[in-house]
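# Survey of secondary and tertiary structure
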Amino acid sequence: MKLLFLGDVVGRAGRTAVRDRLPAIRAARRLDFVVVNGENATGGAGLSPDHARILLEAGADVVTLGDHAFDQRDMLQFVESEPRVLRPLNYAKAAPGRGARVYDAPGGRKVLVAQALGQVFMKRPFDDPFSALDPVLKQHPRGGLVQASLVDFHCEATSEKNAMGWYCDGRASLVVGTHTHVPTADARVLPGGTAYQTDAGMCGDYASIIGMDREEPLRRFLTGMSKGRFAPAEGAATLCGLLVETDDRTGRATSVEVFRDEPPIADREALPS
Ligand SMILES: [Fe+2]
Ligand SMILES: [Fe+2]
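Nothing here was measured: the structure is a model prediction, and the numbers come from that model.

In this section: the overall build of the chain. A tally of regular secondary structure across the chain gives seven helices and 12 strands. Rg of the C-alpha trace for the chain: 17 Å, near the compact-globule value of 19 Å for 273 residues, within the 12% margin. Taking all 273 residues of the chain together, 55% fall into the buried category. Sequence-distant contacts, at least 24 apart, represent 63% of the contacts inside the chain between residues at least 6 apart. Looking at the chain as shown, the accessible area adds up to about 11,900 Å², and 52% of this sits on carbon and sulfur atoms. Mean positive and mean negative side-chain charge positions of the chain (33 and 35 charges, respectively) differ by 2 Å.

Here's what the structure looks like:
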């Protein structure tokens, strides 16, 4: 199966790039299944139902969230009615929606998608993600009733993401980190057949500080004081993530490739200085 995972979509720049460019990418690469992390697609914090629909209509089979899952309050109801949107497994016991689900892929195949939140350096405490994921992976062994399984591990610390990669090696087809918005250079297939990358990077304007206008974060670093809210950067977006091929019989990843789709040249020239 050919899978594409796209990292955190940030603001209007990110979501219009997904809307405008994902359909052609999906067709040209003959993708079977696409997962997009949408936790920052609305104003940089959360995902509104309208913006979730944009990502789904562009070709996402599943949209994952993150620590910002419910920053847009409408998501509390929407996540219950739209099974293609997943919130983290260990967000909170009473949170609406689900953190893992099995989806249909072309040719009668099935794909498990799960998302968990890390605990290290996160602003709020979340339950142990390892013990949250373990029963999900046991219940849906890859190569059994599901042909492939994808884990979006949303956290701050490289060490925790690394640990999750090894914890799931041999059980998931892909473990990919999200949340830090900058792609890491370690995409590889672990010995047990689990594709892994510490962070997928974001789909947003990289002439920014992790997707946000540079001014306010720089002010806070330089002066220790805030003057306003963070606002998503509005320049043309680069789409970042990874492409994974899996063996339907075993569910093992057979290859992984960093995916990066730069903005069209005309849009790049319009980037703010
Ligand atoms: Fe994010
Ligand atoms: Fe996040």
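There's plenty left to go through after this.
Distances from the iron ion (ligand 2) to its protein donors, namely Glu39 (OE), Asp67 (OD), His154 (NE2) and His179 (ND1), fall within the range 2.1 to 2.2 Å. The coordination sphere of the iron ion (ligand 2) comprises four donor atoms, whose angles at the metal cover 86 to 142 degrees; the geometry is irregular. Mapping the donors of the iron ion (ligand 2) onto the primary sequence gives the spacing E-x27-D-x86-H-x24-H. Separating the iron ion (ligand 2) from the iron ion (ligand 1) is a distance of 3.5 Å, and Glu39 supplies a donor atom to each of them. Taken together, the residues Glu39 in the loop between β2 (33-37) and α2 (49-58) and His179 in the loop between β8 (174-178) and β9 (188-189) connect sequence positions 140 residues apart. The same class applies to Glu39 and to His179, which are both buried.

Quick look at the coordination of the iron ion (ligand 1) now. The iron ion (ligand 1) binds to the protein through Asp8 (OD), Glu39 (OE), Asn40 (OD1) and His181 (NE2); the donor distances cover 2.1 to 2.2 Å. In this structure, the iron ion (ligand 1) is surrounded by four donor atoms whose angles at the metal cover 87 to 169 degrees, and the resulting shape is irregular. Donor residues binding the iron ion (ligand 1) come from one chain and are separated in sequence as D-x30-E-N-x140-H.

Using the criterion set out here, one finds five aromatic pairs in the structure. Where Phe33 meets Tyr103, the ring centres are 6.3 Å apart and the plane angle is 45 degrees; that geometry is what we call tilted. In this pair, Phe33 is assigned in strand β2 and Tyr103 in strand β5 (residues 100-105), connecting sequence segments 70 residues apart. Residue Phe33 shares its accessibility class with Tyr103, and that shared class is buried. Relative to Tyr167, the ring of Phe130 has its centre 5.3 Å away and its plane inclined at 80 degrees; by these criteria the two rings are edge-to-face. Here Phe130 is found in helix α4 (residues 129-139), whereas its partner Tyr167 is found in helix α5 (residues 158-168), with 37 residues between them in sequence. According to the relative accessible area criterion, Tyr167 is partly exposed, its value standing at 32%.

So, on to the packing of helix α1 (residues 11-28) against α2. Packed helix pairs are characterised by how far apart their axes lie and by the angle those axes make with each other. Contact geometry of α1 with α2 gives a least axis separation of 8 Å together with a crossing angle of 20 degrees. With respect to α2, the element α1 is oriented roughly parallel. Here the hand of the crossing between α1 and α2 comes out left-handed. Packed against α1, whose contacting residues are Arg15, Val18, Arg19, Leu22 and Pro23, the element α2 presents His51, Ile54, Leu55 and Ala58 at the interface.

Another aspect to go through is the pattern of salt bridges. When the charged atoms of two side chains lie near each other, side chains of opposite charge can form a pair. Across all of its chains, the model carries 18 salt bridges by this definition. Here Asp261 makes a salt bridge to Arg21, at a shortest N to O gap of 2.9 Å. With Asp261 in strand β12 (residues 253-261) and Arg21 in helix α1, this residue pair connects regions lying 240 residues apart in the sequence. Ionic pairing is found between Arg260 and Glu262, a salt bridge with its closest N-O pair at 2.8 Å. Under the relative-accessibility criterion, Glu262 is labelled partly exposed at 34%. Put simply, Glu215, Glu216, Arg219 and Arg220 are held in one network by salt bridges that share partners.

Definitions and limits used
Residues numbered from 1 in each chain as written. Chains lettered and ligands numbered in written order. Predicted model: local features only at pLDDT ≥ 70, side-chain atom pairs only at ≥ 80, totals over all residues. Heavy atoms only, no water. Helix = DSSP H or I, 4+ residues; strand = E, 2+ residues; numbered from the N terminus. Rg over C-alpha atoms; globule rule 2.2 N^0.38 Å. Buried < 20%, exposed > 50% of the residue type's maximum accessible area, 1.4 Å probe, protein only. Contact = heavy atoms within 4.5 Å. Areas by Shrake-Rupley, 256 points an atom, 1.4 Å probe, with all protein chains shown as cover. Lys, Arg positive; Asp, Glu negative; His and termini not counted. Charge placed at Lys NZ, Arg CZ, Asp CG, Glu CD. Donors = N, O, S within 2.8 Å, 3.2 Å for Na, K, Ca; no water. Tetrahedral: all angles 85-135°; square planar, octahedral: opposite > 155°, others 65-115°. Phe/Tyr/Trp six-rings, centres within 6.5 Å; stacked < 30°, edge-to-face > 60°. Axes fitted to C-alpha atoms, helices over the stretch in contact; angles between N-to-C directions. Parallel < 35°, antiparallel > 145°, perpendicular 65-115°, else oblique. Left-handed = near helix turned anticlockwise from the far one by under 90°. Salt bridge = Lys/Arg side-chain N within 4 Å of Asp/Glu carboxyl O.

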